[in-house]
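If you want the building blocks of each chain, they are given just below.
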Amino acid sequence: MDDETEQQHFQRVLKSFRAYERYSLVLLQQKKKYLREVPKEDQELVKKLAARLNRSEEAVKTNAQFIGKVLSPKSLFSNADEIEPNSNGPEAGGSNGLTLSDVDRVRTVLKQIAREWSDAGKVERNQSFQPLIDVVEEQFGKTPVSDRKSIRILVPGAGLARLPWELARLGYTVQGNDFSYYHLLIANYILNFAHGDVSEDPNAGNGSSPKSIVYPYIHQTNNVVREENQFLAVGVPDVNPRQLPTTGAEFSMIGGEFVDVYAGQHESWDCICTCFFIDTARNVVQYIRTIKNLLRPGGIWANLGPLLYHYADMFNENSIELTLEEVLQVTTDLGLEIVLNDYRRCAYSSDQKSMFKVEYDCLFFLARKPVQ
């Protein structure tokens, strides 16, 4: 997209974050109004619901406080002063141009915060991130930590940056890349500003990183087993993001579309790790070709994820959807050698105690670029 269009999109993302509280509270008010309108005998039978809606309002306000911190470093934003925190009304298609789907993106990223940067996400991180970390260690782990800065690892589709941070913590030079401003804003705050917060976590002990409280599942009102599951409060972040080796290795995050950002970096990376990423492409062949071109001879590509093609069946959007077998065939046809081909069962941003969970039998493979 051109600079003007990108700036407009960025402003829309900022507005979506700022509109979260008001939109959410309006929806809760609608629920409360309907509850008052149902027959009295029905109200008597669901007395806990009224209290739960009140409690939900407080949780929304707590989430909004966290969002306020994410957006507070004004040096990050051009024209940030032009966006008033309370200027965004709840009407879809109103003067602010926002819809409920915009705010839903914010609710989705709240669950992703829990997945990547809280104790509640440890199970999912072990399922999705740890196999990739293990592969990297198997390939490069014999190198002393003091010398790992020369090993360059790229993580496209880095989300909120936990996977590249975990790799950087092992001493490698790592760069994460993501296209979503929703992700980049959260990642920027957690990596660069979260350590400066006064701790809000009553369980935070000596030596733990300062944490903010987030209610990731507060908007998940379907398939709830117990009320307390919906009101799970997570401390963010669960680790201190500043605790990285002081060996001279570099850790960075860069925004932009993967193919465009790395077009000129031929054979610049020793390893590329992709997690829940390749199906975000309109043309997955282009992603695979780019990965192959970026790898140095002998370099490896470790991939884990489903094939939930993001643009499939979207009106006015183009998309190439390959089968798993075709993805592997294209990978070898483009000159990479598949040295590991397996599956991993992985959940994604799911409440582990819910009646409904999202799980995938993910493709997990390791490919190597031949030396010759």
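Going by the structure above, here's the rest.
What counts, and where the lines are drawn
- Residues numbered from 1 in each chain as written.
- Predicted model: local features only at pLDDT ≥ 70, side-chain atom pairs only at ≥ 80, totals over all residues.
- Heavy atoms only, no water.
- Helix = DSSP H or I, 4+ residues; strand = E, 2+ residues; numbered from the N terminus.
- Buried < 20%, exposed > 50% of the residue type's maximum accessible area, 1.4 Å probe, protein only.
- Contact = heavy atoms within 4.5 Å.
- Areas by Shrake-Rupley, 256 points an atom, 1.4 Å probe, with all protein chains shown as cover.
- Axes fitted to C-alpha atoms, helices over the stretch in contact; angles between N-to-C directions.
- Parallel < 35°, antiparallel > 145°, perpendicular 65-115°, else oblique.
- Nonpolar A, V, L, I, M, F, W, Y, C, P; charged D, E, K, R; others polar.
- Phe/Tyr/Trp six-rings, centres within 6.5 Å; stacked < 30°, edge-to-face > 60°.
- Lys NZ or Arg CZ within 6 Å of the ring centre and 35° of its normal.
- Pairing = 2+ DSSP bridges.
- Patch = residues over 30% accessible without salt bridge, like charges linked within 9 Å, V, L, I, M, F, W, Y side chains within 5 Å.
- Salt bridge = Lys/Arg side-chain N within 4 Å of Asp/Glu carboxyl O.
- Lys, Arg positive; Asp, Glu negative; His and termini not counted.
- Charge placed at Lys NZ, Arg CZ, Asp CG, Glu CD.
- Right-handed = clockwise from strand over helix to strand, strands pointing away.

*Asks:* A description of the overall build of the protein should follow, citing residues and the corresponding values.
*Replies:* A count of helices and strands for the protein gives 12 helices and nine strands. Taking all 372 residues of the protein together, the buried fraction comes to 48%. Excluding contacts between residues fewer than 6 apart, the proportion of contacts in the protein whose partners are at least 24 apart in sequence is 74%. By element, 48% of the accessible surface of the protein is carried by carbon and sulfur atoms, the whole surface being about 18,300 Å².

*Asks:* Outline the packing of helix H1 (residues 3-37) against helix H4 (residues 100-117), supporting the account with residue identities and numerical values.
*Replies:* The interhelical angle for the contact between H1 and H4, taken along N-to-C directions, is 90 degrees, at an axis separation of 8 Å. Put simply, H1 runs roughly perpendicular to H4. For the pair formed by H1 and H4, the contact residues are Arg12, Ser16, Phe17, Ala19, Tyr20, Tyr23, Ser24 and Leu27 on the first element and Leu100, Asp102, Val103, Val106, Arg107, Val109 and Leu110 on the second.

*Asks:* Help me get a handle on the packing of helix H3 (residues 47-70) against helix H8 (residues 181-192), residues and values and all.
*Replies:* For the pair H3 and H8, interaxial distance at closest approach is 9 Å and the crossing angle is 85 degrees. Compared by their axis directions, H3 and H8 come out roughly perpendicular. Side by side, H3 and H8 meet where Phe66, Lys69 and Val70 of the first sit next to Leu185, Ile186 and Tyr189 of the second. Here the residues of the contact of H3 with H8 are counted per class, giving five nonpolar, no polar and one charged.

*Asks:* Explain the packing of aromatic side chains residue by residue, including any values.
*Replies:* A complete count under the given rule lists 13 aromatic pairs for this structure. Centre to centre, the rings of Phe258 and Tyr287 are 5.5 Å apart; their planes meet at 85 degrees, and the pair counts as edge-to-face. With Phe258 in helix H10 (residues 258-261) and Tyr287 in helix H11 (residues 284-294), this pair connects stretches of sequence that are 29 residues apart. Summarising the burial analysis for this pair, Phe258 and Tyr287 share the class buried. It is Arg115 that lies over the ring of Phe276; its NZ or CZ is 5.3 Å from the centre. One cation-aromatic arrangement involves Arg152 over Trp269; the distance from NZ or CZ to the ring centre is 3.9 Å.

*Asks:* Now, about the sheet that holds strand E1 (residues 152-156): what can you tell me, with residues and values included?
*Replies:* With mixed pairing, the seven strands of this open sheet are ordered in space as E5-E2-E1-E6-E7-E9-E8. Either end of the sheet is taken by a strand with one partner, and the two such strands are strand E5 (251-255) and strand E8 (337-347). When strand polarity is set aside, the average angle formed by the axes of neighbouring strands in this sheet is 15 degrees. Here 10 bridges tie E8 to strand E9 (residues 359-368), and the two strands are oriented antiparallel to one another. In the strand pairing of E9, Tyr343 is matched with Leu363. Most of the contacts of helix H6 (residues 130-140) go to strand E7 (residues 295-305), to which it runs at about 155 degrees, and overall it touches E1, strand E6 (269-275), E7, E8 and E9.

*Asks:* Summarise a negative patch on the surface; cite the residues concerned and give the values.
*Replies:* Together, Asp2, Asp3, Glu4 and Glu6 make up a negatively charged patch on the protein surface. Tracing the backbone through its elements, the reader meets Asp2 in the segment before H1. Judged by its relative accessible area of 47%, Asp2 falls in the partly exposed class.

*Asks:* I'd like a rundown of the pairing of strand E2 (residues 173-178), residues and numbers included.
*Replies:* Of all six residues that make up E2, six are buried, and the element is covered over most of its length. Residue alternation in E2 divides its side chains into two sets, Thr173, Gln175 and Asn177 and Val174, Gly176 and Asp178, and both sets are buried. Pairing analysis gives five bridges linking E1 to E2, with the strands arranged parallel. Paired with Val155 across the strands is Gly176, a residue of E2. As for the winding sense of the linkage, the β-α-β connection from E1 through helix H7 (residues 162-169) to E2 is right-handed.

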